[in-house]
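Geometric and topological summary
These are the residues of each chain, in order.
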Amino acid sequence: GAQIPLSNQIARWISDLANPLFIPPCVLILVGTLVDLSLLEMSWLVLLSILFYTAIPFITALSMLNSGKIESLDLPDRASRNLLYLAGVGSATLGSLILGFMFYLHRPFLTLIAGVFVINPVIGYLLNRKWKVSIHAGSIASGGIILLFFYYWTPEMTGLIALFFSLTMLLVLLPVMMWSRFNLGVHSLPELLGGATSGIVFTSLEILLTFYFWQPL
C-alpha cells in the first residue's frame, strides 16, 4: 500500500501519546508527588486515577469499536462521541468521589483536581451535542491551567516545578497537539480552538469558584 507520510506518522504518535485519557492521571500523580504524599497514598492515587480516568474509558472505547458503535478511536463523527462521553463521565465521577473523600481535608488541591476531572467531561458532553470541539486540546489546556493555579497555591520551589510543566503543556504540547489533530483530519481549526479555549476558560472558572467558596483551600 501507499506509504504514510512522515508528518502523518508523527501526528499519529503525538495524538496517541498525549491522549486525553492519559492527562488526568499524569496531572494527579505529578501534584501528588509535589505535595509529598506517603507511599500508601501515592499507590492509591496511581491505582485509582489510572483505573477510573484511563483504563475503564479505554476498555469501553475498544468495546464500542469492536461492536461497530464507533468507527475509529479518533471519533471523527460527533454523534458517536456521546455514549463514550457518558461512560467517561460515569467512570470519572466514581473515581473522583473516592479520591475526593480520600484527600478532602489534608490534600485539598487533589480533591479540587478530582472535581475538575468530573465537571470538564460533563461540559465536553454538553458542548459535543452541538459542536465537535477537540477533547485532546481541551484536556491538555485543562491540565496546564490546573498546574498554573497550583504554582500560585504552593510554596516557591514546588510551585516552580508545577509552573515548568504548566508552561510546557500550554505553550509546547498544546500547539503541537492541535497541529497533529488538524494534520490527521480529525478536527478543523475552529474545533481545535474551541477545545483549547473551553479547557482554559472552564477550568479557570471551576478553580476560582472553588478557591472562593471552599475554606480548606
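Quick caveat, the model's predicted, so the values are computed rather than measured.

1. Side note on the overall build of the chain
A tally of helices and strands in the chain yields eight helices and zero strands. If you list the helices and strands of the chain from N to C, you get α-α-α-α-α-α-α-α. Radius of gyration (C-alpha) of the chain: 17 Å, near the 17 Å computed for a compact globule of 217 residues. Of all 217 residues assigned to the chain, the portion counted as buried reaches 48%. Partitioning the intrachain contacts of the chain with sequence separation of at least 6 by distance along the chain shows that 77% fall at a separation of at least 24. By element, 72% of the accessible surface of the chain is carried by carbon and sulfur atoms, the whole surface being about 11000 Å². When the 9 positive and 9 negative side-chain charges of the chain are each reduced to one mean point, those points stand 12 Å apart.

2. As for the nonpolar core
The biggest cluster of nonpolar side chains holds 42 residues, and the ones touching the most others in it are V31 and I113. At the level of elements, α2 (23–34), α3 (39–66), α4 (81–103), α5 (108–128), α6 (135–153), α7 (156–183) and α8 (189–213) are the ones that each hand at least two residues to this core. Broken down by element, the residue count for this core peaks at eight residues, all from α6. Aside from chain neighbours lying at most four places away, what touches I113 is V27, L28, V31 and I146.

3. Here we look at the side chain of S180
Within the element layout of this structure, S180 appears in helix α7. A residue is classified by how much of its surface remains accessible, and S180, at 0% relative accessible area, is buried.

4. Brief notes about the packing of aromatic side chains
Under the criterion given, the structure shown has nine aromatic pairs. Through successive ring pairs, a cluster of aromatic residues spans F109, F150 and W153.

5. Examining the pattern of salt bridges
Overall, the coordinates contain one salt bridge when judged by the stated rule. With a shortest N-O distance of 3.1 Å, D16 and R12 are connected by a salt bridge. Of the two residues, D16 and R12 both sit in helix α1 (residues 6–17), four residues apart, roughly one turn of that helix. R12 gets classed as partly exposed once you look at its relative accessible area, which sits at 27%.

6. Regarding the packing of α5 against α8
One way to put it is that α5 packs onto α8 with a least axis distance of 10 Å and a crossing angle of 135°. One element, α5, and the other, α8, form an angle in the oblique class. Here the hand of the crossing between α5 and α8 comes out right-handed. In this structure, α5 uses F109, L112, V116, I119, N120, I123 and L127 to contact α8, whose residues at the interface are S198, F202, T203, E206, I207, T210 and F211.

7. With respect to a nonpolar patch on the surface
Where nonpolar side chains cluster on the molecular surface, the patch consists of L6, I10, L167, L171, V172, V176 and W179 and spans about 640 Å² of accessible area. For the nonpolar patch, the elements supplying multiple residues, two or more each, are α1 and α7. Here the nonpolar patch gets five residues from one element, more than from any other, and that element is α7. Relative to the elements of secondary structure, V176 occurs in helix α7. Given a relative accessible area of 31%, V176 falls into the partly exposed group.

8. Focus on the environment of I59
Structurally, the position occupied by I59 is in helix α3. Spatially, the C-alpha atom of I59 lies 14 Å from that of G90, the residues being 31 residues apart in sequence.

9. Section: the side chain of S166
The residue S166 is located in helix α7 in this model. For S166, the residues in contact, after removing those within four places along its chain, are G144, L147 and L148.

Scoring rules and cut-offs
- Residues numbered from 1 in each chain as written.
- Predicted model: local features only at pLDDT ≥ 70, side-chain atom pairs only at ≥ 80, totals over all residues.
- Heavy atoms only, no water.
- Helix = DSSP H or I, 4+ residues; strand = E, 2+ residues; numbered from the N terminus.
- Rg over C-alpha atoms; globule rule 2.2 N^0.38 Å.
- Buried < 20%, exposed > 50% of the residue type's maximum accessible area, 1.4 Å probe, protein only.
- Contact = heavy atoms within 4.5 Å.
- Areas by Shrake-Rupley, 256 points an atom, 1.4 Å probe, with all protein chains shown as cover.
- Lys, Arg positive; Asp, Glu negative; His and termini not counted.
- Charge placed at Lys NZ, Arg CZ, Asp CG, Glu CD.
- Core = buried A, V, L, I, M, F, W, Y, C linked by side-chain atoms within 4.5 Å.
- Phe/Tyr/Trp six-rings, centres within 6.5 Å; stacked < 30°, edge-to-face > 60°.
- Salt bridge = Lys/Arg side-chain N within 4 Å of Asp/Glu carboxyl O.
- Axes fitted to C-alpha atoms, helices over the stretch in contact; angles between N-to-C directions.
- Parallel < 35°, antiparallel > 145°, perpendicular 65-115°, else oblique.
- Left-handed = near helix turned anticlockwise from the far one by under 90°.
- Patch = residues over 30% accessible without salt bridge, like charges linked within 9 Å, V, L, I, M, F, W, Y side chains within 5 Å.

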